[in-house]
Amino acid sequence: MTASSGNEYGDAIKAYALTIPPEDRAHAKYTLHQIHREEANRLQDFVKSRIPGWQVGQAFDTSILDEYKQGVDVKA
């Protein structure tokens, strides 16, 4: 078992990067960060569409997330 830095996202990216050739790591890490950011933006937009006036950091009824469809547009 490896030690955790407390940053699960960062730890996962780092662990994955170590499994691919060094020359591909920077590009892979950049792509994964872009995917993460886009999904975070999609999630924020979804919550805002269901709760007018909602701002990031405010609490909300998480049951609305049952309707949320995660995913990456692989056609883009």
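Above this text is the structure in question.
Read on for an overview of the structure. (Residues numbered from 1 in each chain as written. Predicted model: local features only at pLDDT ≥ 70, side-chain atom pairs only at ≥ 80, totals over all residues. Heavy atoms only, no water.)

A short note on the packing of helix α1 (residues 8–17) against helix α2 (residues 22–50)
Put simply, α1 and α2 touch, their axes get as near as 10 Å, and they point 150 degrees apart. Taken together, the axes of α1 and α2 are roughly antiparallel relative to one another. Here α1 runs over α2; the crossing is right-handed. Taken together, the residues of α2 that come into contact with α1 (itself represented by Tyr-9, Ile-13, Tyr-16 and Ala-17) are Arg-25, Ala-28, Lys-29, Leu-32, His-33 and His-36. Classifying every residue of the contact of α1 with α2 by side-chain character gives six nonpolar, two polar and two charged. (Axes fitted to C-alpha atoms, helices over the stretch in contact; angles between N-to-C directions. Helix = DSSP H or I, 4+ residues; strand = E, 2+ residues; numbered from the N terminus. Parallel < 35°, antiparallel > 145°, perpendicular 65-115°, else oblique. Left-handed = near helix turned anticlockwise from the far one by under 90°. Contact = heavy atoms within 4.5 Å. Nonpolar A, V, L, I, M, F, W, Y, C, P; charged D, E, K, R; others polar.)

Observations regarding the nonpolar core
The biggest cluster of nonpolar side chains holds five residues, and these are Phe-46, Val-47, Trp-54, Ile-64 and Tyr-68. Those residues in contact with Phe-46, other than ones at most four positions away along the chain, are Ile-64, Leu-65, Glu-67 and Tyr-68. (Core = buried A, V, L, I, M, F, W, Y, C linked by side-chain atoms within 4.5 Å. Buried < 20%, exposed > 50% of the residue type's maximum accessible area, 1.4 Å probe, protein only.)

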